[in-house]
Every structure is written in C-alpha cells, then in structure tokens.
Amino acid sequence: MADVAEKAGVSRALVSIVFRDQPGASPQTRDRVLRVADEIGYRPDSAARLLARGRSRTLGVMFTVRQPFHADLVEAIYPEAERLGYDVLLSATAQGRGEAKAVEALLGHRCEAVILLGPDAQPADVDALGHRTVAVSVGRRVPHARVDSVHTAEGKGVRQAMEHLVELGHRGIVHIDGGRGPGSAERRRAYRAAMRRHGLEPELRVIPGEHTEQSGIDAGRLLLAERDHGRPLPTAVLAGNDRCAMGLLMTLAHAGVEVPRDLSVVGYDDSHLSHLMPIGLTTVRQDAVLMAEYAVRFAVERLENTVPEPREAVLDPKLTVRGTSGPPTGG
C-alpha cells in the first residue's frame, strides 16, 4: 500500500480508504489509485484483513479425490458459500494422506468450519472434532457426535431400487456392499429387509466390498468364476455405489455378459459419471446440490448464531432408471 501511495502521490490512509471502498476519495483519486495498483500488480490481502478482525470467513472441505460424487458436492458448495460471503478451501484424502491430516491442514489454514464429505473416521474422533470447531458431516450420520449432518434416506433409496428390480421380475438379486463407507450399513440393512419382505430370503446374498471400482471388478470376477464352476449368475446386482457398479460393468463387458439382457445392474449416487457410460446406469440419485446447500447453511448458521444442538437434514433419494436394468431373461 505504501508503494501504491507513493506512485499515486497520495497518502497511505487514502489508499486504504479506496481499497475499503469507503467515502473520502474523489472519483479521480479513486481511479488513479486503482490504476496504479493494477500497474504494479498490487492486490489487497482480504484474508489478512479478515484475520486482523478475528475472522477468516473460510469454510474447509475435506473430500476424496477419486469419489465422483464428492466432485459433484464440491461444485455445489462453492456457489452457496459465495452467496453467504464465505470462501472455500479444499483438502483431499488420498493414498497415505488420511482424514486426520486432511482436516488438520484445513484448521492450520484457519478455516472457521469444516465440511466433511463422507467421513470414515470413528464416531469418537468426529465428536472430538465437533468440540474443537464447527463441523458438518455430509453423507454420513454420526449419532451422539457434536456435528451437524446432511444425508440421504439410505433405506428409502434402496427400497426404491429393490421394488424396481422385483417388479421387473428379478429374484436372484445380489448386493455388493460398501464396507465401512458412508451409508453402507444402512444400505445393507435395507437390502436384507427388502429381500425378506418379498419372500426372497433364500436368494439373499451380500458380497463384501468397498465404494471403489476395484470392488466392483473383484465382485464381477467372483461371480464369473462361480458361473464357470456351475453356479448361475444372479439376474441382478445392487452395487454399493456408482463406482462399484462401473467396475462391475467393465468386468461383465470383458466377459461378454450383456447388460441388462443377462444381468441388471443398479448403482447408488447418480454421480456425473453415471451419465457418461455407453449404457446409462440405473442408480439411486442423491441431490448433490441440495446436500451442499444444507451443509454450507448449517456451518454458517452455527458460526453466526447460537445453535445449541446438532441438527440433521435427511433428504429424499430418487431412483433414476436408465439402460442397465431390465427384465431377466425369460422374465
């Protein structure tokens, strides 16, 4: 600011007035100061100014790089944060970089609140974070933790998928679960309940997995190996999420199994990648935009107001039927 003041021939105080957009400078002086600042490449440090006031007005977002649905959530978080006057800082989990390190990086950069996308941490660790700072869990409900949460009604989404498959005539429906991934336990329970409700308990089968393409690939190889040893393929598979469904579809395609003629596949999330496949993926849609808006609002409201108790937003899912589901052969 001193450099701008010297070159513009005004006081440093007047430069400060211009950059704070306060009255006290003539239009001509204002234009000259801004022109000089542009010439020498000076930009006001808004972060430093906010910190001087004890605020960063920055929301930290922890996400996983390879989760397409997290990309959809991040894309929707930015406009809502901007609308409410906050910046966004991202920190990713990756191989060798766990959630704790990703969160500490956000806190180290003075984020006022942390939005956790699909956190995998133990409930006690999430609760401890909620006592340190404002935190929101997206995609996972963490009972008794001091954090707000935003998630889809997982059981309702699975029921919609199962009703769809049963109405098409499927009985041999297998579920590849998501292990410890967010929402997995609820989806697994809802699958079991639906199979029992439709009298299909003898056909009930859960293949352990994760929310990854490799999980779908491994499950597909297992089913194909069993077919080669005389066990028929199921007529439908409910995958733990879209990534798992995509891995399964790749394996089936390489083996010459036609979808949905030979086997129907349903995913979960309706991430943007589900639209880009040669055959559109039938999947349970989670509203990424609405989830992101709730998460940002929860964080901002807790920062700016007194909110004594943790809050929970449970959003309705919606089955999106595309090309990977159809009647079983002969059905």
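Residues numbered from 1 in each chain as written. Predicted model: local features only at pLDDT ≥ 70, side-chain atom pairs only at ≥ 80, totals over all residues. Heavy atoms only, no water.

Going by an unreviewed UniProt entry, the chain carries the name LacI family DNA-binding transcriptional regulator and comes from Streptomyces rhizosphaericus.

Asks: Residue-level account of the overall build of the chain, with values.
Replies: Along the backbone of the chain there are 12 helices and 12 strands. Relative to the 2.2 N^0.38 estimate, which gives 20 Å for 331 residues, the radius of gyration of the chain is 25 Å and therefore markedly larger than a compact globule would have. The C-alpha extent of the chain, read off along each of the three principal axes, is 90 × 40 × 35 Å. Sorting the 331 residues of the chain into buried and exposed places 51% on the buried side. In the chain, the proportion of contacts linking residues at least 24 apart, taken out of those at least 6 apart, comes to 67%. For the chain, the accessible surface area stands at approximately 16100 Å², while carbon and sulfur atoms represent 51% of it. (Helix = DSSP H or I, 4+ residues; strand = E, 2+ residues; numbered from the N terminus. Rg over C-alpha atoms; globule rule 2.2 N^0.38 Å. Buried < 20%, exposed > 50% of the residue type's maximum accessible area, 1.4 Å probe, protein only. Contact = heavy atoms within 4.5 Å. Areas by Shrake-Rupley, 256 points an atom, 1.4 Å probe, with all protein chains shown as cover.)

Asks: Which residues make up the packing of helix H2 (residues 12–19) against helix H3 (residues 27–40), and what are the values?
Replies: In contact at an axis separation of 10 Å, H2 and H3 are set at 90° when each is read in the N-to-C sense. By the angle between their axes, H2 is roughly perpendicular relative to H3. Each of Leu 14, Val 15, Ile 17, Val 18 and Phe 19 in H2 lies in contact with H3, whose residues at this interface are Thr 29, Arg 30, Val 33, Leu 34 and Ala 37. (Axes fitted to C-alpha atoms, helices over the stretch in contact; angles between N-to-C directions. Parallel < 35°, antiparallel > 145°, perpendicular 65-115°, else oblique.)

Asks: Any chance you could break down the nonpolar core for me, citing the residues and the numbers?
Replies: Ranked by internal contacts, the top residues of the largest apolar core, which has 29 residues, are Leu 59, Ile 77, Ile 115, Leu 117, Val 136, Val 138 and Val 150. Only strand S1 (58–64), helix H5 (68–83), strand S2 (87–93), strand S3 (113–117), strand S4 (134–138), helix H12 (288–304) and strand S11 (312–315) provide two or more residues apiece to this core. When residues in this core are grouped by element, the largest group, eight residues, is from H12. With sequence-adjacent residues up to four places away left out, Val 150 is seen in contact with Val 136, Ser 137, Val 138, Gly 139, Arg 140, Met 291, Tyr 294, Ala 295, Phe 298, Ala 313 and Leu 315. (Core = buried A, V, L, I, M, F, W, Y, C linked by side-chain atoms within 4.5 Å.)

Asks: An account of the packing of aromatic side chains is needed here, citing residue identities and associated values.
Replies: Tallied over the full model, the rule gives one aromatic pair. Their ring planes at 65° and their centres at 5.9 Å tell us that Tyr 294 and Phe 298 sit as a pair that is edge-to-face. With Tyr 294 and Phe 298 both in helix H12 and four residues apart, the pair spans about one turn of that helix. In this structure, Arg 57 packs its charged tip against the face of Tyr 86, placed 4.2 Å from the ring centre. Sitting above the plane of the Tyr 268 ring, Arg 187 keeps its charged end 3.8 Å from the centroid. (Phe/Tyr/Trp six-rings, centres within 6.5 Å; stacked < 30°, edge-to-face > 60°. Lys NZ or Arg CZ within 6 Å of the ring centre and 35° of its normal.)

Asks: I'd like a rundown of helix H10 (residues 213–228), residues and numbers included.
Replies: Given a rise of 1.5 Å per residue, 16 residues ought to cover 22 Å, and the 23 Å separating the end C-alpha atoms of H10 matches this to within 8%. Those residues of H10 that are buried are in contact with strand S6 (173–176), strand S7 (205–207), strand S8 (236–239) and helix H11 (242–254). Gly 230, located one to two residues past H10, shows a positive phi value of around 100°. (Expected span 1.5 Å × (residues − 1).)

Asks: Any chance you could break down the sheet that holds S6 for me, citing the residues and the numbers?
Replies: Taking strand neighbours across the sheet as the criterion, the six strands line up as S7-S6-S8-S9-S10-S12 in an open arrangement whose pairing is mixed. Only two strands of the sheet have a single partner each, and these edge strands are S7 and strand S12 (318–320). Neighbour-to-neighbour, the strand axes of the sheet open up by a mean angle of 20°, direction not taken into account. For S6 and S7, the ladder comprises three bridges, and the chain directions are parallel. Bridged to Val 174 within S7 is Arg 205. Contacting S6, S7 and S8, H10 runs over the sheet at an angle of about 130° to S7. (Pairing = 2+ DSSP bridges.)

Asks: I'd like a rundown of the sheet that holds S3, residues and numbers included.
Replies: Spatially, the six strands line up as an open sheet ordered S2-S1-S3-S4-S5-S11, and their pairing is parallel. Both edges of this open sheet fall to S2 and S11, since each of them pairs with a single strand only. Across the sheet, the mean angle separating the axes of adjacent strands is 15° when strand polarity is ignored. Sheet topology places strand S5 (residues 148–152) next to S11; four bridges connect them, and they run parallel. Each residue of the ladder has a partner; that of Val 150, found in S11, is Ala 313.

Asks: Talk me through the side chain of Asp 72; I want residue IDs and the actual numbers.
Replies: Along the polypeptide, Asp 72 turns up in helix H5. The charged side chain of Asp 72 is buried without a salt bridge, its nearest counter-charge being Arg 285 at 8.6 Å. For Asp 72, the contacting residues outside a window of four places in its chain are Asp 270, Ser 271, His 272 and Ala 288. (Lys, Arg positive; Asp, Glu negative; His and termini not counted. Salt bridge = Lys/Arg side-chain N within 4 Å of Asp/Glu carboxyl O.)

Asks: Could you give an account of the pattern of salt bridges, naming the residues involved and the relevant values?
Replies: Applying the stated rule across the entire model yields 23 salt bridges. For the salt bridge of Arg 57 with Glu 304, the shortest nitrogen-to-oxygen distance reads 3.6 Å. Here Arg 57 is found in the loop between helix H4 (46–52) and S1, whereas its partner Glu 304 is found in helix H12, with 247 residues between them in sequence. In this structure Arg 57 comes out as partly exposed when scored by relative accessible area, which is 21%. Arg 261 is the partner of Asp 262 in a salt bridge, and the nearest nitrogen-oxygen pair spans 3.0 Å. The class of Asp 262 is partly exposed, set by a relative accessible area of 27%.

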